[in-house]
Amino acid sequence: MTAANAPDDRRRLEEAIALASRCTPKATSFCVGATIVDADGTVLATGYSGRFDPHDHAEETALNELDDAGRARLTTATLYTSLEPCSSRASRPVTCTEHILRAGIPRVVFALSEPDLFVDCVGAATLRAAGVDVIQFEDLAHAAWGANQHLDR
């Protein structure tokens, strides 16, 4: 599960990036999309920022969409997210990094490192330190930023 499967990872990450376009742009948050896929390649859940509540983060909404059977499959799943999972957050007490660690997801693939517009983010480093396999497709960062043109960089 630790090796990157570049074609599949790229396709799934592009799907997560596309989900970010469903977000309502706000001056105080990023537009982010996330997809959770099991070891067989089955999509377990998807999410995007602000999906149900303005304070929702993409990874959080995807995790909240899982039923018990989906949660049971997280130990071999990969979470694809357009933006590095947050490690600090003003709107809720639990960060996306914490949600991922609590869920036991062993692998995270993302495109864009979180710019320091709102908080300093160390989500990727925190996940790696906890043993999560974290892969970044830096060449897709520009595509992930596309949904965030409303923010000054």
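Above: the structure in question.
Please read all numbers here as calculations on a predicted model, not as lab measurements. (Residues numbered from 1 in each chain as written. Predicted model: local features only at pLDDT ≥ 70, side-chain atom pairs only at ≥ 80, totals over all residues. Heavy atoms only, no water.)

> Where do I start with the packing of aromatic side chains in this structure?
How two aromatic rings sit relative to each other is set out by the distance from centre to centre and by the angle between their planes. With the rule as written, the count across this model stands at 1 aromatic pair. Measuring from centroid to centroid gives 6.4 Å for Phe-30 and Trp-145, while their planes differ by 65°, and the two rings are edge-to-face. Here Phe-30, found in the loop between helix H1 (6-19) and strand S1 (33-37), pairs with Trp-145, found in helix H6 (residues 141-145); they are 115 residues apart in sequence, far enough to count as distant. The same class applies to Phe-30 and to Trp-145, which are both buried. (Phe/Tyr/Trp six-rings, centres within 6.5 Å; stacked < 30°, edge-to-face > 60°. Helix = DSSP H or I, 4+ residues; strand = E, 2+ residues; numbered from the N terminus. Buried < 20%, exposed > 50% of the residue type's maximum accessible area, 1.4 Å probe, protein only.)

> Which parts of the structure should I look at to understand the environment of Thr-24?
On the secondary structure map, Thr-24 appears in the loop between H1 and S1. For the pair formed by Thr-24 and Val-108, sequence separation is 84 residues and the distance between their alpha carbons is 24 Å.

> Help me understand the pattern of salt bridges, please; the structure alone is not making it clear to me.
Side chains that differ in sign of charge can pair as their charged atoms come close. With the rule as written, the count across this model stands at 8 salt bridges. Of the charged contacts, one joins Arg-11 and Asp-8 as a salt bridge, the two residues approaching to 3.7 Å between their closest N and O atoms. Here the residue Arg-11 and the residue Asp-8 both occupy positions in helix H1, the gap between them amounting to 3 residues, near one helical turn. The class for Asp-8 is partly exposed, based on a relative accessible area of 36%. (Salt bridge = Lys/Arg side-chain N within 4 Å of Asp/Glu carboxyl O.)

> Can you help me understand the layout of surface pockets in this one?
It is a probe the size of a water molecule, rolled over the atoms, that shows where empty space is left. As a volume, the largest pocket reaches approximately 500 Å³. Looking at the largest pocket, it is lined by 27 residues, and the ones nearest its centre are Thr-28, Ser-29, Phe-30, His-57 and Ser-91. Across the lining of the largest pocket, the residue classes break down as 12 nonpolar, 9 polar and 6 charged. (1 Å grid on protein atoms, 1.4 Å probe; cavity = no way out; pocket = protein on both sides within 12 Å on 5 of 7 lines; lining within 4 Å. Points joined across faces, edges and corners; volume = space filled by probe spheres on them. Nonpolar A, V, L, I, M, F, W, Y, C, P; charged D, E, K, R; others polar.)

> Looking at this structure, how should I read the nonpolar core?
Nonpolar side chains in soluble globular proteins generally cluster together in the buried interior. Within the largest apolar cluster, 37 residues are counted, with the highest numbers of intra-cluster contacts made by Leu-13, Ile-36, Leu-66 and Leu-74. Take this core: its biggest share by element is 5 residues, from strand S4 (residues 107-112). (Core = buried A, V, L, I, M, F, W, Y, C linked by side-chain atoms within 4.5 Å.)

> I keep staring at the side chain of Ser-49 and nothing clicks. Help me out?
Along the chain, the position of Ser-49 falls in the loop between strand S2 (43-48) and helix H2 (58-64). Contacts of Ser-49, omitting those with residues within four sequence positions, involve Cys-23, Phe-30, Cys-31, Val-32, Asp-56, His-57 and Ala-58. (Contact = heavy atoms within 4.5 Å.)

> Quick question: what am I supposed to make of the environment of Ala-147 here?
On the secondary structure map, Ala-147 appears in the segment after H6. Through-space distance from the C-alpha of Ala-147 to that of Ala-20 is 6.1 Å; in sequence the pair is 127 residues apart. Sequence-distant contacts of Ala-147, defined by excluding residues within four places in its chain, comprise Ala-20, Ser-21 and Cys-31.

> Would you take a moment to explain the pairing of S4 for this structure?
Within a regular strand, the side chains alternate between the two sheet faces. Judged by how many residues are buried, S4 sits mostly within the fold: 6 of 6 residues are covered. Direction of pairing for strand S3 (residues 78-83) relative to S4: parallel, over a ladder of 5 bridges. The residue of S4 that forms the bridge with Thr-81 is Phe-110. Here S4 pairs with strand S5 (residues 133-136) via 4 bridges, running parallel. Paired with Val-108 across the strands is Val-134, a residue of S5. (Pairing = 2+ DSSP bridges.)

> Where do I start with the sheet that holds S2 in this structure?
Hydrogen bonds between backbone groups are what pair the strands of a sheet, and the pairing can be parallel or antiparallel. Pairing is mixed across the open sheet formed by 5 strands, whose spatial order is S2-S1-S3-S4-S5. Single-partner strands in this sheet number two, and they are S2 and S5. Between one strand and the next, the sheet's axes are offset by a mean angle of 15°, whatever the strand orientation. As paired elements, S1 and S2 share 5 bridges and run antiparallel to each other. The partner of Ala-34 across the bridge, within S2, is Gly-47. (Axes fitted to C-alpha atoms, helices over the stretch in contact; angles between N-to-C directions.)

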